[in-house]
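Topology and contacts: notes
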Amino acid sequence: MSYARFSNSDVYVYHDSRGHLTCCMCEIGPDLETKSRTEMVEHMRAHEKVGHDTGDVILGLLEEIEAIGDAVTEEIGAWA
Ligand SMILES: [Zn+2]
């Protein structure tokens, strides 16, 4: 499952099976792969700065940071 797809926003962010958050086919590129939710939030803010709609990605990430922390791990497979 992904945080956002192009159908409802300008970004495609998902949690891959290796435990990375990925901004796929990134329009401000290169594609971002990170294990830090905070880094992805900052990346999403960079998208918004150029006028992209990031949907609920930032909100979802901030909720996860609050609940389970910044680090993405492979064990958390809900978004894979
Ligand atoms: Zn991006």
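Residues numbered from 1 in each chain as written. Predicted model: local features only at pLDDT ≥ 70, side-chain atom pairs only at ≥ 80, totals over all residues.

So, about the packing of helix α1 (residues 37-49) against helix α2 (residues 57-68). Close contact between α1 and α2 brings their axes to 10 Å; oriented N to C, the two are set at 160 degrees. In terms of their interaxial angle, α1 and α2 are classed as roughly antiparallel. For the pair α1 and α2, the crossing hand works out as left-handed. For the pair α1 and α2, the contacting residues are R37, T38, M40, V41 and M44 in the first and V57, I58, L61, L62, E64 and I65 in the second. (Axes fitted to C-alpha atoms, helices over the stretch in contact; angles between N-to-C directions. Helix = DSSP H or I, 4+ residues; strand = E, 2+ residues; numbered from the N terminus. Parallel < 35°, antiparallel > 145°, perpendicular 65-115°, else oblique. Left-handed = near helix turned anticlockwise from the far one by under 90°. Contact = placed C-beta atoms within 7 Å.)

Core analysis: the largest hydrophobic core is formed by 13 residues, its most contacted members being V11, V13, M40, M44 and V57. Residue assignment for this core shows that the elements contributing at least two residues are β1 (2-4), β3 (21-24), α1 and α2. Residues within four places of M40 in sequence aside, it is in contact with V13, L21, L32, T34 and L61. (Core = buried A, V, L, I, M, F, W, Y, C linked by C-beta atoms within 7 Å. Buried ≥ 20, exposed ≤ 12 C-beta atoms within 10 Å, placed from the backbone.)

All right, on to the sheet that holds strand β2 (residues 12-15) then. The 4 strands are arranged β1-β2-β3-β4 in an open sheet whose pairing can be described as antiparallel. In the strand order of this sheet, the two ends are held by β1 and β4 (32-34), each with one partner. Put simply, the sheet's adjacent strands are angled 15 degrees from each other on average, direction ignored. Looking at chain direction, β1 and β2 are connected through 2 bridges and run antiparallel. Bridge pairing links A4 to V13 in β2. Against the sheet, α1 makes contact with β2, β3 and β4, and its axis sits at roughly 155 degrees relative to β4, the strand it touches most. (Pairing = 2+ DSSP bridges.)

Right, let's get into α2. Taking 1.5 Å per residue, 12 residues should reach 16 Å; α2 reaches 16 Å between its end C-alpha atoms and fits that length. Those residues of α2 not exposed but buried are V57, I58, L61 and E64. What you see down the axis of α2 is that its buried residues fit within an arc of 125 degrees, all on one side. α2 presents E63, E66 and A67 as exposed residues on the side facing more than 90 degrees away from its buried surface. Here the buried face of α2 lies against β1, β2 and α1. G69 sits one or two residues past α2 and shows a positive phi near 100 degrees. (Expected span 1.5 Å × (residues − 1). Arc of directions from axis to C-beta.)

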